[in-house]
Amino acid sequence: MDLCDQLPSIMSTALEGRVAQTVGATMAVAAFPAPVGALAHVHRAAAAPLPAEVIGFRDHLTLLAPLDDMTGVRRGDRVRLFRTGRTLSVGEELLGRVIDARGRPLDGKATPVLTHRVELNARPPNPVERPRIDRPLSTGIRSIDGILSCGRGQRMGIFAGSGVGKSVTLGMMARYTDADVNVIALIGERGRELNEFIERDLGPAGLARSVVVVATSDEPAPLRTRAALTATAIAEYFRDLGRDVLLIMDSLTRFAMAQREIGLAAGEPPATRGYPPSVFALLPRLVERAGRSSRGSITGFYSVLVEGDDHNEPIADCVRGLLDGHTWLSRRLAGRGHYPAVDVLESISRVMNSVVPEEQQRAATAVRELLAAYRDHEDLISIGAYRLGANPLVDLAIRARDSIHTFLRQTIEERSTIEEARTQLIQLVTSWAASKSGGTAHPTPIDVSANTSSLSHANTAGRISSPRSAASARPGA
């Protein structure tokens, strides 16, 4: 970041005011016309200066949100402007490090010497200058790479309730992806989960090419929102160096909750479920900063903590429309021990058709149709009311169910690549041609070399096996 770019935001640090009152977690300062986003120090009589961020104005007072405990703040305490520009020091030395929202190390190692500075609130790339997404990115998750393939520069959402394996899934991505650099933002997480994620999910090899930005749930709201901006700014720095970056943000919901605290404290009116308008204005500005540029790419995976497993709660509904696809983690699958608990039928990747061959697209469609056919008839199948031969598509779905679930399941230690996932998926679909029942070979359920997109017309095309005898054993036995 050039000095010329910083000149317009420079103000004299001699600007001072006095604390007039405190309301909840905010302070109102008189005679202090600092701009929104500026950083100030509140000089307490019996404690170190308290850093605080300007979040708005009310009447003739400036509202500040503290970045630490407010203990010791008194009426009349002197407030002095510290910095107006929101910048961050970055560099290659950040790789392998764990830092807080302000870029300070948390891992007990020496503070890195960082010679570059970037803007914390950079503008998204010009949409006209964004190249098309045409190259796949391997996430290391077989179900995603095979059926929900992602491209370099895509923005995806990981939607899940609590306790369904979201953090483990994101950790596997960070460990097994073929991206050059990982930038991981843990926002509003429990403090004890940090070392679990780094040691168990990420591992030494994953950490070596990662930057982990942490703002735990006990930290003030401005730091939790800043952590998301810090991680995005670091990802932009590596993208501009020509790297392919995987940005993992866990979670976007807690970022929105932190902004809700700030907005309500600044006097914004609550809108949908208490979220003020600033939340829905800030979300697109954040996620639009990820993507592909002429130099490199940022592939963003943003986790969304769905309240009450409600797919249409405000943040989930808003984010789903902003991103280039979404992956739902199902509590129902997790309860069955199916991990990763990716619900393929509720998930979609909007750029998959641009980054994978047509053969894989048809194979993924075949698997989707069989899973949908089984789900539609699952109640009848589970109570033994469905008889084989009633519907050829359902018959095939019953026979293929175990092999499909084997493909979709994956242990934490099991590494996968997008090439392996593609090969296994196509082999899975074509293997149904070799299945036998009563000594009779069954034709291929879908010809992956043909130009077809649906199994629903398989009867007329002659690609679905003839019904088995009604005297056959009932499914599910």
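Computed from a predicted structure; not experimentally measured.

Chemist: How would you sum up the pairing of strand β17 (residues 297-305)? Please name residues and give values.
Modeler: Across the nine residues of β17, nine count as buried, placing the element largely inside the fold. Neither face of β17 is left uncovered, since the one carrying Ser297, Thr299, Phe301, Ser303 and Leu305 and the one carrying Ile298, Gly300, Tyr302 and Val304 both have all their residues buried. Inspection of the sheet shows strand β12 (residues 155-160) paired to β17 by six bridges, in the parallel sense. Paired with Met156 across the two strands is Phe301, which belongs to β17. Direction of pairing for strand β15 (residues 244-250) relative to β17: parallel, over a ladder of six bridges. In the strand pairing of β17, Val245 is matched with Ile298. Pairing of strand β16 (residues 291-292) with β17 involves two bridges; the strand directions are antiparallel. The residue of β17 that forms the bridge with Arg292 is Ser297. Between the antiparallel neighbours β16 and β17 lie four residues.

Chemist: I'd like a rundown of the nonpolar core, residues and numbers included.
Modeler: Generally speaking, a soluble globular protein has its nonpolar side chains buried in company with each other. One finds Met173, Val212, Val367 and Ile404 to be the most contacted residues of the largest nonpolar core, which totals 65 residues. Of all the elements, helix α13 (residues 392-408) adds the most residues to this core, at nine residues. Contact partners of Ile404, with chain neighbours within four places excluded, come to Val367, Leu370, Leu371, Leu428 and Trp432. Ala101, Leu114, Ala235 and Leu252 belong to the second-largest nonpolar core, a separate cluster that totals 50 residues.

Chemist: Before we move on, can you summarise the sheet that holds strand β1 (residues 16-23) with the specific residues and values?
Modeler: Around the barrel, which closes on itself, the six strands sit in the order β1-β2-β5-β4-β3-β6 with antiparallel pairing between neighbours. Along the sheet, successive strands turn relative to each other by an average axial angle of 45°, direction set aside. Across four bridges, the pairing between strand β2 (residues 26-30) and strand β5 (residues 61-66) is antiparallel. Paired with Met27 across the two strands is Leu64, which belongs to β5.

Chemist: Describe helix α6 (residues 252-265), with residues and values.
Modeler: Look at α6: 20 Å from first C-alpha to last across 14 residues, which is about the 20 Å you get at 1.5 Å a residue. Those residues of α6 that fall on the buried side of the exposure criterion are Leu252, Thr253, Arg254, Phe255, Ala256, Ala258, Gln259, Ile262 and Gly263. One or two positions beyond α6, positive phi appears at Gly267, with a value near 100°.

Chemist: Talk me through the packing of helix α5 (residues 221-240) against α6; I want residue IDs and the actual numbers.
Modeler: For the pair α5 and α6, interaxial distance at closest approach is 8 Å and the crossing angle is 135°. Relative to α6, the element α5 is oriented oblique. Remark: the crossing between α5 and α6 carries left-handed chirality. Across the interface between the two elements, Ala221, Pro222, Arg224, Thr225 and Ala228 from α5 touch Phe255, Ala258, Gln259, Glu261 and Ile262 from α6. Residue composition of the contact of α5 with α6, by class: six nonpolar, two polar and two charged.

Chemist: An account of the environment of Val42 is requested, with residue identities and associated values reported.
Modeler: Along the polypeptide, Val42 turns up in strand β3 (residues 39-43). As a C-alpha pair, Val42 and Ala52 span ten residues in sequence and 7.2 Å in three-dimensional space. Ignoring anything within four residues of it in the chain, the contact list for Val42 reads Val19, Met27, Ala48, Pro49, Leu50, Ala52, Asp77, Arg78 and Val79.

Chemist: So, helix α7 (residues 277-287): which residues are in play, and what are the values?
Modeler: Those residues of α7 not exposed but buried are Ser278, Val279, Leu282, Leu283, Leu286 and Val287. Projected onto a plane normal to the axis of α7, the buried residues spread over an arc of 140° and lie on a single side. Close packing links the buried residues of α7 with β12, α5, β15, α6, β17 and α8 (314-322).

Chemist: Give a description of empty space enclosed by the protein that names residues and reports values.
Modeler: Empty space among the atoms can be located by rolling a probe the size of a water molecule over them. Enumeration according to the criterion identifies one cavity of 30 Å³ or more in this entry. When its volume is computed, the largest cavity comes out at roughly 40 Å³. Lining of the largest cavity is provided by Gln21, Thr22, Val23, Thr26, Met27, Ala28, Arg58 and Leu63. At the level of elements, β1 and β2 are the ones that each hand at least two residues to the lining of the largest cavity. Residue composition of the lining of the largest cavity, by class: four nonpolar, three polar and one charged.

Chemist: Can you explain the pattern of salt bridges? Please cite residues and give values.
Modeler: Counted by the stated rule, this structure contains 27 salt bridges. The partner of Glu16 in a salt bridge is Arg78, with the nearest N and O atoms 3.0 Å apart. One end of the pair, Glu16, is in strand β1; the other, Arg78, is in strand β6 (residues 78-83), with 62 residues separating them in the sequence. In this structure, Arg320 engages Asp317 in a salt bridge whose closest nitrogen and oxygen atoms are separated by 2.9 Å. Here Arg320 pairs with Asp317, and both are found in helix α8, just three residues apart, close to one helical turn. According to the relative accessible area criterion, Arg320 is buried, its value standing at 16%. The network of salt bridges with common partners includes Arg130, Arg155, Glu288 and Asp324.

Chemist: Can you explain the packing of helix α11 (residues 358-376) against helix α14 (residues 418-431)? Please cite residues and give values.
Modeler: Axis separation between α11 and α14 bottoms out at 9 Å; the angle between their running directions is 60°. Relative to α14, the element α11 is oriented oblique. The two elements α11 and α14 cross, and the hand of that crossing is left-handed. Contacts from Glu359, Gln360, Ala363, Ala364, Ala366 and Val367 in α11 reach Arg422, Leu425, Ile426, Leu428 and Val429 in α14.

Cut-offs and rules
Residues numbered from 1 in each chain as written. Predicted model: local features only at pLDDT ≥ 70, side-chain atom pairs only at ≥ 80, totals over all residues. Heavy atoms only, no water. Buried < 20%, exposed > 50% of the residue type's maximum accessible area, 1.4 Å probe, protein only. Helix = DSSP H or I, 4+ residues; strand = E, 2+ residues; numbered from the N terminus. Pairing = 2+ DSSP bridges. Core = buried A, V, L, I, M, F, W, Y, C linked by side-chain atoms within 4.5 Å. Contact = heavy atoms within 4.5 Å. Axes fitted to C-alpha atoms, helices over the stretch in contact; angles between N-to-C directions. Expected span 1.5 Å × (residues − 1). Parallel < 35°, antiparallel > 145°, perpendicular 65-115°, else oblique. Left-handed = near helix turned anticlockwise from the far one by under 90°. Nonpolar A, V, L, I, M, F, W, Y, C, P; charged D, E, K, R; others polar. Arc of directions from axis to C-beta. 1 Å grid on protein atoms, 1.4 Å probe; cavity = no way out; pocket = protein on both sides within 12 Å on 5 of 7 lines; lining within 4 Å. Points joined across faces, edges and corners; volume = space filled by probe spheres on them. Salt bridge = Lys/Arg side-chain N within 4 Å of Asp/Glu carboxyl O.

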